[in-house]
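A closer look at the structure
One letter stands for each residue in the lines below.
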Amino acid sequence: MKGNKMKYPLILSSVMLLGSLLAGCSSSKEENTSSGSAAAGSSSASGSPAASDKTVNGVDISKEAKLVYYLWGSAGVANKDILAKINEKLKKDINATIEVKYIDWPDVATKYPLLFASGEKFDMSHASPGAAVSYFSLANQGALVDITDMLDKVAPKLKAEIPEQTWAGAKVNGKIYGVPSLYSEFTPTGFAYRSDLLKKYGMEKISSIADMEKYMDNVLANESYPPINGNANDAFNMYKMLVDTTDMWINAPGISLTELNLVTKSPEDYKKVFHPAFTQEFEDWAVKMRQWADKGYWPKDILSSQVDAGTNFRAANSAGYLTHAQDWIGKYGTDMKAQPESDPFFYTFAEANHKIKRKLGVENSTVISTNSANPERALMAIEKFMTDPEYYNLIQYGIEGRQYVIENGVKKTPAGFDDKKDGGGFAAWSLRNDKYNLPMDTENPIRNSLYEEWNKVAINDPYMGFSFDPKNVTTEIASISNVNQQLGMQLMLGKTTKDPKEAVAEYRKQLKAAGIDKVIAEVEAQLANFDKIG
Amino acid sequence: MHLVSRLKLHCGNVLRELVKNKILFLMLSPVILYFVIFHYLVMPGAYVAFVDFNISKGIFASKFVGLDNFEFLVKNGDLWNITKNTLLYNFAFLALGNVIQIVFAIMLYEISSKWFKKISQSVLLLPHFISMVIVGVFAYNMFNFKTGFINTMLVSLGLDRYEFYSDPGIWKYIIVAFKIWSATGYGMIVYLATIAGINNDLYEAAYMDGASRSQRIRYMTLPMLKPTFILLLLFGLGGILKGSFDLFYNLIGTNSVLYPQTDIIDTYVFRSLVGQFNFSMGAAVGFYQSLFGLILVFTVNLIVRKIEPDSALF
Amino acid sequence: MNNTVGKEDAGSLFIKAISYLCLAIFALACLFPFVLMISSSFMREDEIIREGYKLIPNHFSAKAYELLLNNSQALYKAYGVTIFITVVGTVSGLIMMSMAGFVLNRKDFKYRNFFSFLIYFTTLFAGGLIPSYILMVKYLHLKDSLFAMILPGVVGAWSIFLMRNFMKAIPDSLYESATIDGAGDFRIYWQIFMPLAVPSLATIGLFSALGFWNEWYNGMLYIQSPDKYPLQYFLQRMINQTNIQALINQGAVINTADLPSQSIKMATAVLATGPIILLYPFAQRYFVSGLTIGAVKG
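Conventions we followed
- Residues numbered from 1 in each chain as written.
- Chains lettered and ligands numbered in written order.
- Predicted model: local features only at pLDDT ≥ 70, side-chain atom pairs only at ≥ 80, totals over all residues.
- Heavy atoms only, no water.
- Helix = DSSP H or I, 4+ residues; strand = E, 2+ residues; numbered from the N terminus.
- Buried < 20%, exposed > 50% of the residue type's maximum accessible area, 1.4 Å probe, protein only.
- Contact = heavy atoms within 4.5 Å.
- Rg over C-alpha atoms; globule rule 2.2 N^0.38 Å.
- Areas by Shrake-Rupley, 256 points an atom, 1.4 Å probe, with all protein chains shown as cover.
- Lys, Arg positive; Asp, Glu negative; His and termini not counted.
- Charge placed at Lys NZ, Arg CZ, Asp CG, Glu CD.
- Disulfide = S-S within 2.5 Å.
- Pairing = 2+ DSSP bridges.
- Axes fitted to C-alpha atoms, helices over the stretch in contact; angles between N-to-C directions.
- Domains from an automatic or database assignment.
- Salt bridge = Lys/Arg side-chain N within 4 Å of Asp/Glu carboxyl O.
- Nonpolar A, V, L, I, M, F, W, Y, C, P; charged D, E, K, R; others polar.
- pLDDT = per-residue confidence, 0-100.

Thoughts on the overall build of chain C
Helix and strand content of chain C: 16 helices and zero strands. By residue count, 57% of the 298 residues in chain C fall in the buried class. For chain C, long-range pairs separated by at least 24 residues make up 71% of all intrachain contacts whose partners lie at least 6 apart in sequence.

What follows is the structure, encoded as structure tokens:
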């Protein structure tokens, strides 16, 4: 009757609301089992061998563990297959399977901190001191599992594989909270430039700032595009150029290394830090940057530019780009494909003063969350990935024959490779190990010899093993961040409205007002109790 | 005793009201349930603005630090400037935006060609869909020194190139223009619908009495739009210190030369916290913005209640 | 919808002329960037980088669309997801909000001011991202559920107040006459108010649909499975590459060859906007029914 008909929408909407909650609940089942609580249940398919009473290294692996591993990037087409192969082996070895969840590049800044702050249940994740939430903050705030003792018991092979010094770098208050990577790479900042243009101008190579200026002047005179057609980010590259080419200045902790950070005079003086802004070298540099801007080394609108120098370089719209060495090496294939004549060389700023630092393993670590239900199994899985070449190749490169083939010891793309069917891979760079690393044909072939050379002269970061706790100076750091991103950035690109020397004076004033002295004092106070390792 | 009996009386009243109007309560309940779950249950989380947020302790067990998280806003002395900028821009968007939306709505109503109406309405809505990231890219395409569309035109007219991205003064006009361009099509829909609800007979009667078109607009259409205008204004005031981050971030971005005139609270905070993960400080700013909006709306609502009681929000 | 009552005088024609002119200019300003987007999506990558976006490209290249439509499975799924959440969200939202608008307008409902304030207050203060995230994931278990994209936006304070505003225009005399006839509250709502509220339903419905169509943030936060991504999240991922450089500087190993190019960004933007434009003309016809109100006079 009419009466019933009228109630429809009312009931409908209440039911919808209720139903959605219930529907939401059903997806929770998936959520609960994914972290594989011990109570959740026994292993799945019939294929599992008699793993019922097995223990490995004293860990009971009779119950299957489902591990969740958060990686950055996105799921390639073939990732499912690669993961299936990995899980096949993992199940046999430690009765565990991995589910990979992804945080896509543009979302990292939002989702990565949320991962920890929301108490989400997962097992492993990537971590780094320079990430959106620093590895050290995570450790200090109790978000990571202390694996110091667990390593000896559960993953002795891993413990032995990584040298004591590298472990020391990952220590926070004497305890280890993450597994550092074993990949030796060097990431000094430098200028990648076109060697074909170099030859055109009759130059041999760029190994000093004067050479670089000569190259850039030639570009201005002869080419239709600027030498460094970059964006605002290059301001910080210019700052790195200043630090790397000046005496024995080394980056010091305190202010984020993505800004105009603190430095120390030399590795020996590591306990005293200061900000370069208050030095004569900085003032001279600001004047030079203004000269460079006026000459036109970079576009007038660089502060608003939408395209970075690397992309421009590949479109033959820039004669060079600023980046770190490993990036230049890795991009070799892409650069050459876009501009086959360019064969980019690299001018490493820190080379002249022998300040090339070995990259700390902790820079790229794998960590286990305190919300994990199977921390031991997670650690064992990490051990497998880093110490067993079969696992290593699967997670780093994919399935042999399908994603890659090895020819003459170099990793290449196989002949029948179809990007639509076979594309994919995991961004598992924190699990890399020199021992099993395969040279790739997309890398600059110079990599091995260059790294060997650098390995001989490289120095160790004096701050290895030290983590700065910013707890007492968060306000000052935020204020300084603001000053850095305004006047600091402008100074480094020569875009100040005032004359450079006046602008530097203003910058110094603003830094003081923001509390730079308090930050320096705090850093030095914490350093007082720290002694250099190695 | 007195208090308890008063409480009991009040509860009794509520219950009686509930029973009397139970259908109405039932009809309102889905919406109320929504707000309770998705907003009120979450609101206590705003407390994080007053603590030193620790990941493993969670919001409520973290250490209480009072107003410390607000310090960075005042430390650099920038607070006044960014608040001023935010207020001025939002007022401009609100006032100018709504006025232009009303004007366009009326204009659309007054023209006679049906197909022109339909097409222009749809076209006007297009900017709403163009993401601010693309708008930023297009703006750069227009204004950049070397290859920008406007500079190319200037040169072809024999004039000098202009460094738009180094001139802070001009950007307030550019930003307001972009905002109006982006929001008009969407905002005028409300006014269009309101006008459409005005009975045509009334207009006819007015015409019979000798009213011209402009008189009809002034004395009939405009007053009809007043309640909607006041509603939108009040809503806008509540968020007067917030919003438009996308617009500013994509148009201005990292170009600090323009900041004195174009920096708003949201972009300032975003920059300050980019080097450290500090959820509490971000929340502190949010609290400041909300509190400001609350006081402003209360005040204006009181005024509106005196002048036009029907249009008051509450 | 037409205001052509009787003969025109000079002043009236002037108003009309100005209207046509202003609308035409503004419409061109709105159309131009969109056309630019379309033509740029057919440009070659290096031409875009070197010469910026152009109305008439030097070289025509449909490569961006080729690449996008090759991955069309994912694209179609995203369309499907967005259509689903738009329809479900809009319809359920309209039902809930129209009921709320009706109730909040009833002068005999004593607590309407209290509830109005309750609803309005949520636009001022919010808990923040972390508490909301915890609520959605931990307590409501909506992680990776389509409803994570529907529920948070299903009703909105602004829309409810607009609805209340529109319904104010409906005279009280209708209540009285209907109550005298013995009709219950719900019946009054369903049989009398809803037909009269069609323009407001169309308006709010349009806003709601637009909102759901543009939804990407909740998708970014809560959706894990690629086949549940909404259309706009697809787009946002493509064009929001601003912090990639920063990630590379921190040491992330990203193969930038895989990152979408400028032309792909344009092509994605074009594909993502398309269909919803058609909804607007469809909704427009419902704006016309002001006539029905007059019918109830006296």
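Examining the overall build of chain B
What chain B contains, in helices and strands, is 15 helices and two strands. Expected size for 314 residues packed as a compact globule is a radius of gyration near 20 Å; at 25 Å, chain B overshoots this value by more than 25%. With the C-alpha coordinates aligned to their principal axes, the bounding extent of chain B is approximately 90 × 70 × 30 Å. Counting across all 314 residues of chain B, residues that qualify as buried make up 54%. Looking at chain B alone, contacts between residues at least 24 apart form 65% of all its contacts between residues at least 6 apart. Accessible surface computed for chain B: about 13900 Å², of which carbon and sulfur atoms make up 69%. A distance of 8 Å separates the average location of the 24 positive side-chain charges in chain B from that of its 17 negative side-chain charges.

Quick word on the state of the cysteines
All names here are of chain C. In total, this model carries zero disulfides over all chains according to the counting rule given. Counting only cysteine sulfurs, C30 is the nearest neighbor of C22, a cysteine outside any disulfide, at a range of 13 Å. With a relative accessible area of 0%, C30 lands in the buried category.

With respect to the pairing of strand β5 (residues 124-127) of chain A
Residue and element names in this part refer to chain A. Judged by which residues are buried, β5 turns out to be covered on both faces: M124 and H126 on one side and S125 and A127 on the other are all buried. Of the pairings in the sheet, the one linking strand β3 (residues 65-72) to β5 comprises two bridges and is parallel in character. Note that in β5 the partner of Y70 across the bridge is S125. By the bridge criterion, four bridges tie β5 to strand β14 (residues 365-368) in an arrangement that is antiparallel. Residue pairing across strands places S125 opposite V367, the latter belonging to β14.

Re the sheet that holds β14(A)
Residue and element names in this part refer to chain A. Within the open sheet, the five strands sit side by side as β4-β3-β5-β14-β8. Their pairing is mixed. Here the strands that pair on one side only, and so sit at the sheet edges, are β4 (96-103) and β8 (178-180). Each adjacent strand pair in this sheet contributes to an overall mean axis angle of 25 degrees, direction not counted.

As for the domain arrangement of chain B
Each assigned domain of chain B is listed with its residue range as follows: domain 1 (1-34) and domain 2 (68-311). Taking only C-alpha atoms into account, the centre of domain 1 of chain B sits 41 Å from that of domain 2 of chain B.

Quick look at the sheet that holds strand β12 (residues 320-324) of chain A
Note on sheets: strands pair through backbone hydrogen bonds, and any given pair is parallel or antiparallel. Residues and elements named next belong to chain A. Strand order in the open sheet made by the three strands is β12-β9-β13, with antiparallel pairing throughout. Of all the strands in the sheet, just β12 and β13 (344-348) have a single pairing partner and so form its edges. For this sheet, the mean inter-axis angle between neighbouring strands, taken without regard to orientation, is 30 degrees. One ladder, built from five bridges, connects strand β9 (residues 189-194) with β12; its direction is antiparallel. Paired with G190 across the bridge in β12 is T323. Against the sheet, helix α9 (residues 209-222) makes contact with β9 and β13, and its axis sits at roughly 35 degrees relative to β9, the strand it touches most.

What to know about the interface of chain B and chain C
At the interface, 94 residues of chain B touch 102 residues of chain C. Here chain B is connected to chain C by zero salt bridges. With 14 residues, helix α2 (residues 22-40) of chain B is the single largest residue contributor to the side of chain B that touches chain C. Residue composition of the side of chain B that touches chain C, by class: 62 nonpolar, 22 polar and ten charged.

With respect to the environment of A:P462
All names here are of chain A. Residue position: P462 is located in the loop between α18 (447-457) and α19 (474-492). Judged by relative accessible area, P462 falls into the buried class, the value being 2%. As for P462 and K153, which are separated by 309 residues in sequence, their C-alpha atoms are 30 Å apart. Those residues within four positions of P462 in sequence are excluded, and the remaining contacts are I250, P267, Y270, F530 and K532.

What to know about the confidence of the model for chain C
Residue and element names in this part refer to chain C. In the predicted model, chain C carries a mean pLDDT of 80, and 83% of its residues have values of at least 70. Within chain C, helix α7 (residues 147-150) carries the highest mean pLDDT (94), whereas helix α16 (residues 291-294) carries the lowest (36). Below pLDDT 50 for its whole length, residues 289-298 participates in eleven contacts with residues either more than four positions away or in separate chains. For this predicted complex, the interface confidence reaches an ipTM of 0.85, while the overall pTM sits at 0.85.

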